[in-house]
Structures are given as structure tokens and as C-alpha cells.
Amino acid sequence: MGELRKMTYINQHVLNNLFYILVSIFFFYFLYDYVRFFQRKKVYQRLLFVVCLSVPLILCMKYPIYIAPDCVHDLRQVPFLIGTFYGGWTVSLPLLIILLVARWVMYGYQFITVAVYVMMFMFGSLFSPFFKQLPKTKRMIASMMMTFILAIAATILAIAISDFEVTESYIVDFILVPPVAVLFVVFAMETLREALLIRSKAIKLEKMEVVSQLAASISHEIRNPLTVVKGFMQLMRGKDISEETKEQYMNIALEELDRACAIIDDYLTFAKPFPEKTEPLHVHHELQKVIDMLRPFANIHGVKIVPTLMPATIKGNGQYFRQCFLNIIKNGIEAIEGDGAVYVAVYVAEKTVTIVVRDEGKGMTKEQLARYGEPYFSTKEKGTGLGAMVSIRIIEMMDGTWTMESEKGRGTTMKVTFHLLLEK
Ligand code: ADP
Ligand code: MG
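For clarity, every value in this text was computed on a predicted model and none was experimentally measured.

Conventions adopted
- Per chain, residues are indexed from 1 in the order of the written sequence.
- The naming scheme follows written order: chains are lettered A onward, ligands numbered 1 onward.
- Two thresholds apply to this predicted model, a pLDDT of at least 70 for residue-level local features and 80 or more for giving and counting side-chain atom pairs, whereas whole-chain, interface and lining totals are computed over all residues.
- Side-chain metrics rest on all non-hydrogen atoms present in the structure, leaving aside hydrogens and water.
- Whether a set of points on the 1 Å grid over the protein atoms alone is a cavity depends on a 1.4 Å probe fitting there but being unable to get out, while an open set qualifies as a pocket with protein on both sides within 12 Å along at least five of seven lines; lining residues are those with an atom within 4 Å of a point.
- Grid points are joined across faces, edges and corners, and a volume is the space filled by probe spheres set on the points.
- For helices the rule is a DSSP run of H or I covering at least 4 residues; for strands it is a run of E covering at least 2, with both sets numbered from the N terminus onward.
- When residue character is reported, Ala, Val, Leu, Ile, Met, Phe, Trp, Tyr, Cys and Pro are called nonpolar, Asp, Glu, Lys and Arg charged, and the others, Gly included, polar.
- UniProt positions are given in the numbering used here, feature names are shortened, and annotations may be inferred rather than shown by experiment.
- Three exposure classes are used, based on accessible area relative to the maximum for each residue type with a 1.4 Å probe and protein chains only: buried under 20%, partly exposed in between, and exposed over 50%.
- The contact definition used throughout considers only heavy atoms, calling two residues in contact when any of these lie within 4.5 Å.
- Summary of the distance rule: residues count as near a molecule or strand when at least one heavy atom falls within 4 Å of that molecule or strand.
- For the purposes of these results, a polar contact is taken to be a pair of N or O atoms within 3.5 Å, where, inside protein, one atom must be able to donate a hydrogen and its partner to accept one; residues adjacent in sequence count only when each atom of the pair is a side-chain atom.
- Throughout, a molecule is located in a cavity or pocket provided that more than half of its atoms lie within 2 Å of its grid points.
- Pairs were defined over the aromatic rings of Phe, Tyr and Trp, the Trp ring being its six-membered one, requiring ring centres within 6.5 Å. Orientation was assigned from the angle between planes: stacked under 30 degrees, edge-to-face over 60, tilted for the rest.
- Any Lys NZ or Arg CZ that is within 6 Å of a ring centre and within 35 degrees of that ring's normal is treated as a charge sitting over the ring.
- For helices, the fitted line uses only the C-alpha atoms of the stretch in contact; every axis is such a line through C-alpha atoms, and the angle between N-to-C directions lies from 0 to 180 degrees.
- Working definition: roughly parallel below 35 degrees, roughly antiparallel above 145 degrees, roughly perpendicular at 65 to 115 degrees, and oblique for all remaining angles.
- Throughout, a crossing is termed right-handed when the near helix is turned clockwise from the far one, and left-handed when it is turned anticlockwise from it by less than a right angle.
- Put simply, a nonpolar core is a bunch of buried Ala, Val, Leu, Ile, Met, Phe, Trp, Tyr and Cys residues held in one set by side-chain atoms that sit within 4.5 Å of each other.

Draft legend 1. A look at empty space enclosed by the protein. All chains considered together, the criterion is met by one cavity of 30 Å³ or more. Computed from the structure, the largest cavity encloses a volume of approximately 200 Å³. Along the wall of the largest cavity there are 17 residues; nearest its centre are Cys71, Val72, Ile112, Thr113 and Phe174. The set of elements that each furnish at least two residues to the lining of the largest cavity consists of β2 (71-73), α7 (111-133), α8 (136-161) and α9 (168-236). With four residues, the single largest contributor to the lining of the largest cavity is α7. Split by residue class, the lining of the largest cavity holds ten nonpolar, three polar and four charged.

Below you can see the structure in the form of C-alpha cells.
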């Protein structure tokens, strides 16, 4: 008889309860990962967490393990405590209200339930900040122990305020099974969280890789002209050098320094220590800054810059963005022999913004166009062949796309498209 009764403590409903909880945890991470909306603000994330936990909370109560005269046994405390440990009181309080209302609607009002869960809410919320500091394994152990301690405390509370009877099934289903279930669920949560974290780290690493590659090649590129300058300076120190040779050396040294400057210009942002910060960028303002920066350069070349800027906002790093269009527009100016203009326009569509830079310059041949963006490809006497590469890398980094059309003798048009940031 004893054997038979014990079997009913661990029955199909225990597994069902666990199933509801685990599925909703997966569901939470699934939505969090794929629906960008939830990543936007912490509040949305908390709201999602509350909703995803209140579903198993209610289902556990609806399909309990065991119904005793004065007690309904189910695993509702597992989602409740998970929410409390991970979310603190802001998640716990709505869950508490949902739990108490649901319990009241389904099985009627019982004071013990209110007392027990208010107690769990208070101690669980206090435990939460401590819990969140812990590494994965310690979280599993700490949450299991805390669940066990809270179950014992709840039992003592229940006995103290009523003539509550501690049955075998109560010990199994309320005191022993929940800590193990919490252990499982925390393990699942941590594993999923880790997977998400590693992925976002990998994306960041990839970006860092691009930047460090660029940084490595720039220092190499600048070292070359500087070495040449140094060499000529040393030569000039020699006593028996004619004024003429000195003049010659000086010119070479100055040219090399010019080259170093050109490289730094093309690399501007990458040469600086960069804050890897993305922010809302007002495309029209940023482009205006670039155009202002390039005006003197355009004037020297007898080129007009004609902007048609519409307000639009995207997400990205301002420094990178300006560097990108600085290089593109500068190439446009340099392509113009004699008089001409570079047109910079912004087109806003439903979800995208397209920036078009068109010049009336000398254009490119098919071969040149195919090599556009290749490092060190330059047709200019003093070109670095780095500007286009930097621009393209930045566009890719910002999740943008680009196309370029060019006709020899007619001009070149560069179209760059980014996702529009929908303003709240
Ligand atoms: P650089 O400007 O130092 O030569 P870039 O990487 O900026 O290096 O550009 C590479 C090459 O692409 C240029 O040398 C030029 O031949 C070609 N190019 C880029 N933009 C244009 C343009 N708007 N019109 C014509 N040719 C261009
Ligand atoms: Mg250039």
C-alpha cells in the first residue's frame, strides 16, 4: 500500500508541470533572441519574462500533481521563484499577484497561500541581487538551496498560523521536488543565456578583428614613409653635402610626410582609440558635418558640393559613419578634372535610408570598378588605395549595403543603404 501511494507523489503531473516550465523558458529565450523589440528596453524584457512565467504558473495550478483537502500540490513555486531570483521584486510582484488571483479563482481563497507566497516574495527578492552576482554553477546550487530553505520556512509558517498537516505527499511535492526542478530550470536558463552571450560576443569579436586588422596595416603603412624621412634626415646631417642635394632630400622627406598624412586622413577614425559605441545617428547632420569638413578641399579643386539632405536616423557609430562618407565624397571630388559637382542626396524609404553620392568626374573602367575597395588599389599618383576599403568595411560593419555605378568619362554614383532606426 505504501509503495502504491508513494508512486502517486511522483506522477505524470510532475513531468507535465516541469514540461510547462521548461517550454516557457525556451519560449522566453526564443522570443528574446528573435524579436528585436524585446531587446530594446529592459522593461519589455521583464514584461516578457513575467508573461512567459505566468503561463506555466497558471498551468501548474490548473493541472496539479495532487489535491489534498487543505492544499493543492503543484510546481507553481518553481516559475515563481525563478522569476523572483532572476528578475527581483519587479518581476516577482506581478507574478505574486497573478499567482494569488489565479489560485483564488480556481480553488478559492486560502490565507496560508497568501502568507506563504508573500513570504517567498520578500525573501526571494532580497536573495535576487546576491544570486545574480554568482557564476553559473554557484547559481544552480544557491537557487536549489534557497528553494529548499523557503519551502521549509513556508512549512513552519503554515504550521504556525493554522493547524496545517504535513503529509508525505507534501514533503515530496512541496519540499523535495521543487529544489530539484529549480536546479534543472536554472541550468537550462544559464545554458541558453550563455549561448546567446557567446554569439553576441562572437559578432563583437568579428568587428574587433576588422578594426585591429586595419589598425595593424595603418601603423605599417605610416612606418614606411617615416622610415624614409628618418633616413634622409640622417643623410642630411653629413658634412659634405651640397645645398642642391639637401634641397632634393628635403623634398623627398616632405613628400613622404605628405603621404603619411594622407594615410592618416583615410584612416582618421581607425587611428584614434575608438569607443565601440553605437548610437542613433542623424544621417543629415552627420553628412552636413562631412560636407563642411570637405568644403575647403572641394574649393581648391574647383568642385561644388550639392547636398539634398532629408532627415533620417540610423544606428551606428558617428566617427565611423563620417569617415566612411568622407572617403567616398573625397574620391568624388578628386575624380573631377576641371569644373564639376558632387551631389550628395538622402532618400528615405519605409524601412531604409539610401545615401547617394554622385560625381561628374572621370569615372572608372570596368576593371577599375571591379577592383574598387581592394586594399592598396589606387590610380592616383599619391593615392593610398585605402579609403575605399575603409568605407566598405564600415558599411558592412553597420549592416549596410552598397552599389556603385561608373562610366568612363561620365561620372560615378555610389549608393549606400542602411536600416532606418524607427524612432519611438
Ligand atoms: P585613393 O583615393 O587613395 O586612390 P581609394 O581607396 O579611396 O584610394 O580609391 C581607390 C581608387 O578607386 C581610386 O584610386 C580611383 O581610381 C577609384 N575611385 C574611387 N572613387 C572614385 C570616383 N568617385 N570616381 C572615379 N574613380 C574612383
Ligand atoms: Mg580616396
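Draft legend 2. Representation of the UniProt feature "transmembrane region" (unreviewed entry) in the protein chain. The positions that UniProt labels "transmembrane region" (unreviewed entry) are, in the present scheme, residues 14-32, 44-66, 78-101, 107-128, 140-162 and 174-192. End-to-end, the C-alpha atoms of residues 44-66 are 35 Å apart, and along that stretch the chain is 83% helix and 4% strand. For residues 78-101, the helix share is 96%, the strand share is 0%, and the end-to-end C-alpha distance is 17 Å.

Draft legend 3. Structural detail: the side chain of serine 92. Looking at the element boundaries, serine 92 is found in helix α6 (residues 89-107). Taking the relative accessible area as the measure of exposure, serine 92 reaches 0% and is therefore buried. If we ignore the near neighbours within four places in the chain, the residues touching serine 92 are Phe80, Thr84, Phe121 and Ser125.

Draft legend 4. Spotlight on the site of ligand 1. Around ligand 1, 19 residues are found, and the nearest of them are Asn331, Ser378, Thr379, Lys380 and Thr384. Lysine 380 is positioned with one of its side-chain polar atoms (N or O) 2.7 Å from an oxygen atom of ligand 1. Backbone polar atom of glycine 385 to an oxygen atom of ligand 1: 3.1 Å apart, as the coordinates give it. The pocket occupied by ligand 1, as judged from atoms lying within 2 Å of grid points, is the second largest pocket. Secondary-structure elements contributing two or more residues to the shell around ligand 1 are α12 (318-335) and α14 (387-397). Ranked by residues supplied to the shell around ligand 1, first place goes to α12 with four residues. Class assignment for the residues of the shell around ligand 1 results in six nonpolar, ten polar and three charged.

Draft legend 5. How the structure looks around the packing of aromatic side chains. For the structure shown, the criterion picks out 20 aromatic pairs. Aromatic side chains phenylalanine 28 and tyrosine 32 sit 6.1 Å apart centroid to centroid with 10° between the ring planes, which places their arrangement in the stacked category. Of this pair, phenylalanine 28 and tyrosine 32 both sit in helix α2 (residues 12-34), four residues apart, which is roughly one turn of that helix. Joined through ring pairs, the aromatic side chains of Phe85, Tyr86, Phe127, Phe130 and Phe131 make up one cluster. The residue whose ring lies beneath arginine 139 is phenylalanine 131, and the NZ or CZ to ring-centre distance is 5.2 Å.

Draft legend 6. Local environment of the packing of α12 against α14. Running from N to C, α12 and α14 cross one another at 140°; their axes reach a closest spacing of 8 Å. Judged by the inter-axis angle, α12 sits oblique to α14. Both α12 and α14 take part in a crossing whose hand is left-handed. Residue-level contacts link Tyr320, Phe321, Gln323, Cys324, Asn327 and Ile328 of α12 to Gly387, Val390, Ser391, Ile394, Ile395 and Met397 of α14.

Draft legend 7. Highlighting the environment of arginine 36. Turning to its location among the elements, arginine 36 is positioned in the loop between α2 and α3 (37-40). Assessed through its relative accessible area of 64%, arginine 36 is described here as exposed.

Draft legend 8. Here's a closer look at the layout of surface pockets. In this structure, the second largest pocket occupies an estimated 920 Å³ of space. Lining the second largest pocket are 40 residues, with Asn331, Glu334, Ser378, Lys380 and Gly383 sitting closest to its centre. Ranked by the residues each element gives to the lining of the second largest pocket, the list is headed by α12, at seven residues.

Draft legend 9. Fine view of the side chain of glutamate 190. Structurally, glutamate 190 can be placed in helix α9. Glutamate 190 gets classed as buried once you look at its relative accessible area, which sits at 4%. Contacts of glutamate 190, omitting those with residues within four sequence positions, involve Tyr86, Lys136 and Arg139.

Draft legend 10. Just the nonpolar core, in detail. Judged by nonpolar contacts, the single largest core of 60 residues is most densely connected at Leu75, Phe80, Ile82, Met120 and Phe174. The set of elements that each furnish at least two residues to this core consists of α2, α4 (42-62), α5 (77-87), α6, α7, α8 and α9. The dominant element in this core, judged by the number of residues it contributes, is α9, at ten residues. Beyond its immediate stretch of four places on either side in the chain, phenylalanine 174 contacts Gln77, Val116, Tyr117, Met120, Ala151, Ala154 and Ser169. One finds Tyr320, Phe321, Ile328 and Ile395 within the second-largest nonpolar core, a separate group that totals 45 residues.

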